[in-house]
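Here's the letter readout for the chains.
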Amino acid sequence: MRLLIKGGRIIDPAGEHAEGHRVDILCDAGSIVRIEPELNDVAADAVVDAAGAWVLPGFIDLHAHVGEPGHERRERLDTLTQAAVRGGFTKVVVMPDTEPARDTADAVRALRSRGSELACCVLPVGALTRQRQGQEPTEWGELVEAGAIALGDGKPVADSGLVRRALIYLQRWGTPLFLDAMDLSLAGGASAWESVHATIYGLRCMPAEAEASALVREILLARLTGGRAHLQHVSTRQGVEWVRWAKEADIPVTAEVSWLHLVETDAVLGDYDTSYKVWPPLGTEADREALIEGLATGVIDAVVTDHTPFTTEEKLVEFDQAPFGAAGLETAVPALWTELVESGRMPAATLVERLTAGPARVLGLPEPRVAVGEPANLTILQPGRPWTLEQDQQASLAANHPYIGRPVRAAIVATVVDGTIRYEQER
Amino acid sequence: MEFTRKDILGLRDMSREEILAILDTAKPCKQIFSRSVKKLPTMRGRVVVNLFYEPSTRTRASFEMAGKWMSADVLNFSVSTSSVTKGESFTDTALTMQALGADIIVIRHQSAGAPHLLARTTQARVINAGDGIHEHPSQALLDLFTIRERKGTIEGLTVTIVGDILHSRVARSNIWGLQKLGAKVRVAGPATLIPPGLDQLGVEVYTDLDAALDGADVVNVLRIQLERQKPGLFPSLREYQRLFGITRERLQRVARPDVLILHPGPANLGVEITPEVMEDPRCAVREQVSNGVAVRMAMLYLLSGGQGDALTH
């Protein structure tokens, strides 16, 4: 399969390609084989017109949830990966909160073996404890050797000793530990952060210290052990400050932020739309500002979708009884591009870095590049293009998509996985 | 004014004019049910459903009387927490109510925002009769009505709300209503029962009751909701009574002689308020109950398309 991408401009944060040069890119047998100002005389099986668009390294999502096995009506692996490529992602890390939990080497291998039939690469996280109960450890080494890209329960682990031992043990493989930092005894059933909005809307709320105190524990354990702690979905101003402190002290932590926390605040909760009930809750405008600043300066390494699909009947309930989570794979990047890049708040290259090289470093993978000899995982994004995701157009099965029907000014034109077009938007 | 709103979900999103329209309509309603023959034909053929997810005697009875005196058919539907845990979904219940022919659904629910979900789910008109710790608009409206009746106006008054502000939907609705009608609002209670950010709403926060009562024209005494108290929010009822109880002695010492005392009921006698104060002529607690029916008649009447001035002719 020879694929020609015509007339795009490259942003390649991990490489040396200067931004903005118009090029043609030829991919063959899954790799990029030529990048030249003009490729006219080559035969190709397929051509993508990228005029006016950016050609970017394929995005990596460090944090998504899937319902297979156990909750296939929420999301299956095929619908998840179709949604991913529509959103520009060529690799998706899936958390182990399936039913049963992904807590055995067999379960990890079973997911890995699905690879070829899915629209993009799926990287499984293995559960840290049996049935994600936070008590008995799983067989950590077996999970990693079966192909778990990271370990983590996808929920707070109260037992500090267990986290300490995992951070020590996993160093043999260099595998990161994914940590959902939250002190649940302070969180107390809350669905919002303490703020004037939570007071007005009558929502049960918790102090930012519920996140901060747990982040500090993870950071101190990373310092103690030298193990790789990855801090999931940092969501408050205080949280960003503690991560900055850790990085300035050269403690081996990495951090992510969810897209929704960069584009929305708790002001939206007054409509009691459960699509905005996420974990951690949406913060104040000050939190959002600090998260954007943290992402821009690299205190936060990666932006993630935290795609958490639920069915209509699960989400169409009273706000405080609804489960936490929002779908986001298909709209995260267009929304971020609109809010951060089109508005001039962040250079395009910075956002792309946090979607590509940043998450690759967290996982210990090579940084994806748009360069000759590299795997042809590419995302073509057209800035400024008006686009709206309608309910009946989404690939995801999720009923909890906050950006359904909301216009954005950026669109994913095409997504190439291993040299094959896996998504192309109708023009 | 024309009342065009589909639902009454809270006072925060209501205009001053809408609030005044309800209060003005409640006035002739009160005269009607003070007569010996109380029935009005205004809502004949209309169905009002009281959909209560939380136990309530007073609010439900008040809405029931309000509906009956206007000849509506009133159906009381109590949903126990057990049927919720059985998996009976909220929206299914809502659509069942609609299929039963409900024109207006009066809902009380322990979750903030449940009336909003109901309003989105059904075509019936929705009245919030208390949702979690969010709003309780009919209670605030009857408090406003009572203050207007006793004091003539609300503009320029200082109103102190005492008690568990954190868990109080009555306090939140009162804050919005009072501010929109030009009153200055103070709250007083244990610091652990004051929600964050009230100062940003223009509310003065006190933890010393004597200071909060000084110069106040109205004191609205909230019920300490024993069932909602998690242990440790304040040390003991005895200490609460000493620091925040409204007693005749305290009133004589610090309050204006013409202070108006309100209480949404039912009172924990000897805790937040003493029996002597309940019987004091400055305390309007019994009138509040009657005014509650009048205000709820006005709400039902305006939502079912009645014009505010039609009742007076």
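Parameters at a glance
The residue numbers shown here count from 1 along each chain, following its written sequence. Written order determines the labels here, with chains lettered from A and ligands numbered from 1. Two thresholds apply to this predicted model, a pLDDT of at least 70 for residue-level local features and 80 or more for giving and counting side-chain atom pairs, whereas whole-chain, interface and lining totals are computed over all residues. Derived side-chain values reflect all non-hydrogen atoms in the structure, with water molecules and hydrogen atoms excluded from consideration. To qualify as a helix, a DSSP run of H or I must reach at least 4 residues; to qualify as a strand, a run of E must reach at least 2; elements of each kind are numbered from the N terminus. Put simply, the radius of gyration uses C-alpha atoms, and a globule should come to 2.2 Å times the residue count raised to 0.38. Relative accessibility under 20% of the residue-type maximum defines a buried residue, over 50% an exposed one, and the middle range a partly exposed one, all with a 1.4 Å probe and only protein chains included. Throughout, a residue-residue contact means that at least one pair of heavy atoms, one from each residue, lies within 4.5 Å. Every accessible area reported is derived by Shrake-Rupley at a probe size of 1.4 Å, with residue values counting cover from the shown protein chains alone. Positive: Lys, Arg. Negative: Asp, Glu. His and the chain ends are not part of the count. Charge placement uses NZ in Lys and CZ in Arg. For Asp and Glu, CG and CD serve respectively. We call a set of buried residues a nonpolar core when its members are Ala, Val, Leu, Ile, Met, Phe, Trp, Tyr or Cys and they connect through side-chain atoms within 4.5 Å of each other. The criterion for strand pairing is that DSSP finds at least two bridges linking the strands in question. A clockwise course of the path from the first strand over the helix to the second, judged with the strands pointing away from the viewer, identifies a crossover as right-handed. Side-chain rings of Phe, Tyr and Trp (the six-membered ring for Trp) are treated as a pair once their centres are within 6.5 Å; stacked means planes under 30 degrees apart, edge-to-face means over 60, and tilted covers the remaining angles. Structural elements are reduced to axes, namely lines fitted to C-alpha atoms, with helices fitted over the stretch in contact, and the angle between N-to-C directions of any two is expressed from 0 to 180 degrees. Only one rule defines a salt bridge in this text: a Lys or Arg side-chain nitrogen within 4 Å of an Asp or Glu carboxyl oxygen. What a helix should span is 1.5 Å times the count of its residues minus one.

Caption draft 1: Just the overall build of chain B, in detail. The helix and strand inventory of chain B stands at 12 helices and 9 strands. For 313 residues, the compact-globule estimate of 2.2 N^0.38 gives 20 Å, and the C-alpha radius of gyration of chain B, at 19 Å, lies within 12% of that figure. When its C-alpha atoms are laid out on the principal axes, chain B stretches across 55 × 50 × 35 Å. Across the 313 residues in chain B, those meeting the buried criterion constitute 59%. Contacts spanning at least 24 positions in sequence make up 75% of the contacts within chain B whose residues lie at least 6 apart. Accessible surface, chain B as shown: approximately 12500 Å² in total, 51% of it carbon and sulfur. Placing the 38 positive and 34 negative side-chain charges of chain B at their respective mean positions leaves the two points 3 Å apart.

Caption draft 2: Just the nonpolar core, in detail. Among the nonpolar cores identified, the biggest contains 165 residues, and A:Trp337 and B:Ile22 are the most heavily contacted of them. A per-element tally of this core places helix α12 (residues 285-303) of chain B first, with 10 residues. Core analysis: the next-biggest nonpolar cluster, separate from the first, contains 25 residues, B:Leu193, B:Leu213, B:Val219 and B:Val271 among them.

Caption draft 3: Geometry of the pairing of strand β2 (residues 73-78) of chain B. All names here are of chain B. Bridge count between strand β1 (residues 47-52) and β2: 6 bridges; the pairing is parallel. Bridge pairing in β2 places Asn50 opposite Asn76. In terms of handedness, the path from β1 via helix α2 (residues 58-69) over to β2 forms a crossover that is right-handed.

Caption draft 4: Broad picture of the packing of aromatic side chains. Taken as a whole and judged by the stated rule, the model has 10 aromatic pairs over all chains. For the ring pair A:Trp279 and A:Phe324, a centre distance of 5.0 Å and an interplane angle of 65 degrees mean the geometry is edge-to-face. With A:Trp279 in the loop between α9 (259-263) and α10 (285-297) and A:Phe324 in the loop between α11 (312-315) and α12 (332-342), this pair connects stretches of sequence that are 45 residues apart. With relative accessibility at 17%, the residue A:Trp279 sits in the buried group. On the basis of relative accessible area, A:Phe324 is assigned to the partly exposed category, the value being 28%. Ring geometry for B:Phe234 and B:Tyr240: centres 5.2 Å apart, planes at 40 degrees, overall tilted. B:Phe234 sits in the buried class, given a relative accessible area of 15%.

Caption draft 5: Representation of the sheet that holds β2(B) in the model. Residues and elements named next belong to chain B. One open sheet holds the 4 strands; their spatial order is β2-β1-β3-β4, and the pairing between them is parallel. Whereas interior strands pair on both sides, the edge strands pair on one side only; in this sheet they are β2 and β4 (125-131). Here the average twist between neighbouring strands, direction ignored, is 15 degrees.

Caption draft 6: The arrangement of the sheet that holds strand β5 (residues 158-162) of chain B in detail. All names here are of chain B. Taken in spatial order, the 5 strands line up as β7-β6-β5-β8-β9 in an open sheet, and their pairing is parallel. Edge strands, defined here as strands with exactly one partner in the open sheet, are β7 (204-206) and β9 (260-262). Adjacent strand axes in the sheet meet at a mean angle of 20 degrees when their direction is disregarded. Pairing of β5 with strand β6 (residues 184-188) involves 5 bridges; the strand directions are parallel. Residue Val162 lies in a different strand from β6, and its bridge partner there is Ala188.

Caption draft 7: Fine view of the pattern of salt bridges. Residue and element names in this part refer to chain A. Scanning all chains against the criterion turns up 44 salt bridges over all chains. Asp28 is paired through a salt bridge with Arg2; the nearest N and O atoms lie 3.5 Å apart. Of the two residues, Asp28 sits in strand β2 (residues 22-28) while Arg2 sits in strand β1 (residues 2-10), which places them 26 residues apart along the sequence. Across the salt bridge formed by Asp78 and Arg76, the nearest N and O atoms sit 3.0 Å from each other.

Caption draft 8: Highlighting unusual backbone geometry. The omega torsion across A:Glu68 and A:Pro69 is 0 degrees, close enough to zero to call that bond cis. Mapped onto the elements, A:Pro69 comes out in the loop between β6 (59-64) and α1 (77-86). Put simply, A:Glu99 and A:Pro100 share a cis peptide bond, and its omega is 0 degrees. With respect to the element layout, A:Pro100 can be found in the loop between β7 (89-94) and α2 (105-112). Notably, A:Gln131 is not glycine yet its phi reads approximately 50 degrees, a positive angle. When you line up the elements, A:Gln131 lands in the loop between β8 (121-126) and α3 (140-146). At B:Ser71, a position not held by glycine, the phi torsion is positive, near 70 degrees.

Caption draft 9: Region of interest: α12(B). Residues and elements named next belong to chain B. Compared with the 27 Å implied by 1.5 Å per residue over 19 residues, the 27 Å span of α12 between its first and last C-alpha is a close match. Within α12, 15 of the 19 residues are buried, which leaves the element mostly enclosed by the surrounding structure. Gly305 lies just past α12 and shows a positive phi near 100 degrees.

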